[in-house]
Amino acid sequence: MTVTTRQFWAADFRRYIMDRQIIINVGRQFGSGGRIVAQRLGEKLGIKVYDNELISKAAEASGFSRYLFRKSDEKRSLFSFNSFFSSQAFGQVENYVNDNELFRIQSQVIREIAKSESAVIIGRCADYILRDLECTIDVFICAPRETRKKTIAERIGTSPEKAEEIMDRTDRKRETYYNYYTFGNWGVASNYDLCIDSTILGIDGTADFIIDFARRSGKLK
């Protein structure tokens, strides 16, 4: 994405974003409960939460297969698209789209959402994509390592050792994906407006705290 394109989008957004709108971008460690916190935010504020649904919107907007977006999203690595150039998939037009193009399309979908409504957006580098807007609150949800490991083990019915392996692998993928596309550092406090340990106040308490923070910041009326 060129600087000129970024400047264009920033100017375009400011013409359309209403003062009453708010976009809460939620980054999270795997097993921290960040997705559930985001869902609670949506319920409490009466606004949509975009996660997997965002993949569907990106697919519809681009005309490419939803499978491409889902596989790229699940792998979350710099070379995730290589698997599409197998002998079985070779020759299909949709398989000639690289990860950067998929990210561009998904970024456009995120911008369209921010242009038209208030929303909670989970991951997808939304904090970076919408960084020029004044109506955003960028949040990162974390939790102690042992707590996350236990949560994951109970959720998927596996051993603590296996849960830890999955936790570390997932967080590495999220970090790689975020750092590559944003040139920033995933999970580093200075990248966000608010970083919060979800175990301190619990899921609902964390959602309430974020809402109160947004109100005190003047971004939520």
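Preceding block: the structure.
The structure presented is a predicted model; accordingly, all values stated were derived computationally and were not measured.

1. Describing the pattern of salt bridges
For the structure shown, the criterion picks out 15 salt bridges. With a closest N to O distance of 3.7 Å, Lys-44 and Asp-204 form a salt bridge. Here Lys-44, found in helix H2 (residues 34-45), pairs with Asp-204, found in helix H9 (residues 198-216); they are 160 residues apart in sequence, far enough to count as distant. The class for Asp-204 is partly exposed, based on a relative accessible area of 36%. The shortest N-O distance in the salt bridge between Asp-51 and Arg-124 comes to 2.3 Å.

2. Remarks on the sheet that holds strand E1 (residues 23-28)
The strand order E2-E3-E1-E4-E5 describes an open sheet built from five strands, whose pairing is parallel. Both outer strands of the open sheet, strand E2 (48-50) and strand E5 (194-197), are each paired with one neighbouring strand and no more. Neighbour-to-neighbour, the strand axes of the sheet open up by a mean angle of 25°, direction not taken into account. As judged from the three bridges shared by E2 and strand E3 (residues 119-122), these two strands associate in the parallel manner. When the sheet's bridge partners are listed, Val-49 is paired in E3 with Val-120. On top of the sheet, H2 reaches E1, E2, E3 and strand E4 (136-142); it is set at about 165° to E1, its chief contact.

3. Describing the environment of Gly-27
Following the sequence through the fold, Gly-27 ends up in strand E1. Ignoring any residue separated from it by four or fewer positions in sequence, one finds Gly-27 in contact with Val-139, Phe-140 and Ile-141.

4. Some thoughts on the pairing of E3
Every second residue of E3 is oriented toward a common face, with Ala-119 and Ile-121 on one face and Val-120 and Ile-122 on the other, all of them buried. Two strands pair when backbone bridges link them, and E1 and E3 are joined in this way by four bridges, in the parallel orientation. Bridge assignment links Val-26 to a residue of E3, and that residue is Ile-122.

5. Observations regarding the side chain of Ser-107
In this structure, Ser-107 sits in helix H5 (residues 99-116). Within polar-contact distance, the side chain of Ser-107 engages the backbone oxygen of Phe-103 at 2.8 Å.

6. Things to note about the pairing of E1
The element E1 is largely enclosed, with a buried count of six among its six residues. Where burial is concerned, the two faces of E1 agree: the one with Ile-23, Asn-25 and Gly-27 and the one with Ile-24, Val-26 and Arg-28 are both buried. As judged from the six bridges shared by E1 and E4, these two strands associate in the parallel manner. Looking at E4, one finds that Gly-27 is bridged to Phe-140.

7. Quick word on the packing of aromatic side chains
One pass over the structure, following the stated rule, counts six aromatic pairs. Centre to centre, the rings of Phe-140 and Trp-186 are 5.3 Å apart; their planes meet at 85°, and the pair counts as edge-to-face. Here Phe-140, found in strand E4, pairs with Trp-186, found in the loop between helix H8 (160-182) and E5; they are 46 residues apart in sequence, far enough to count as distant. The pair formed by Phe-140 and Trp-186 is uniform in burial state, with each residue classed as buried. Between Tyr-180 and Tyr-181, the ring centres sit 4.7 Å apart and the planes meet at 75°, which makes this aromatic pair edge-to-face. Note on Tyr-180: relative accessible area 36%, which makes it partly exposed. In this structure Tyr-181 comes out as buried when scored by relative accessible area, which is 12%. Members of the aromatic cluster, joined through ring pairs, are Phe-103, Tyr-177, Tyr-180 and Tyr-181.

8. Description of the side chain of Gln-106
Here Gln-106 lies in helix H5. Among the residues examined, Gln-106 registers a relative accessible area of 6% and is labelled buried. In contact with Gln-106, other than residues within four places in its own chain, are Leu-54, Ile-55, Ala-58, Arg-124 and Tyr-177.

The rules behind the values
Residues numbered from 1 in each chain as written. Predicted model: local features only at pLDDT ≥ 70, side-chain atom pairs only at ≥ 80, totals over all residues. Heavy atoms only, no water. Salt bridge = Lys/Arg side-chain N within 4 Å of Asp/Glu carboxyl O. Helix = DSSP H or I, 4+ residues; strand = E, 2+ residues; numbered from the N terminus. Buried < 20%, exposed > 50% of the residue type's maximum accessible area, 1.4 Å probe, protein only. Pairing = 2+ DSSP bridges. Axes fitted to C-alpha atoms, helices over the stretch in contact; angles between N-to-C directions. Contact = heavy atoms within 4.5 Å. Polar contact = N/O pair within 3.5 Å; in protein donor to acceptor, adjacent residues only side chain to side chain. Phe/Tyr/Trp six-rings, centres within 6.5 Å; stacked < 30°, edge-to-face > 60°.

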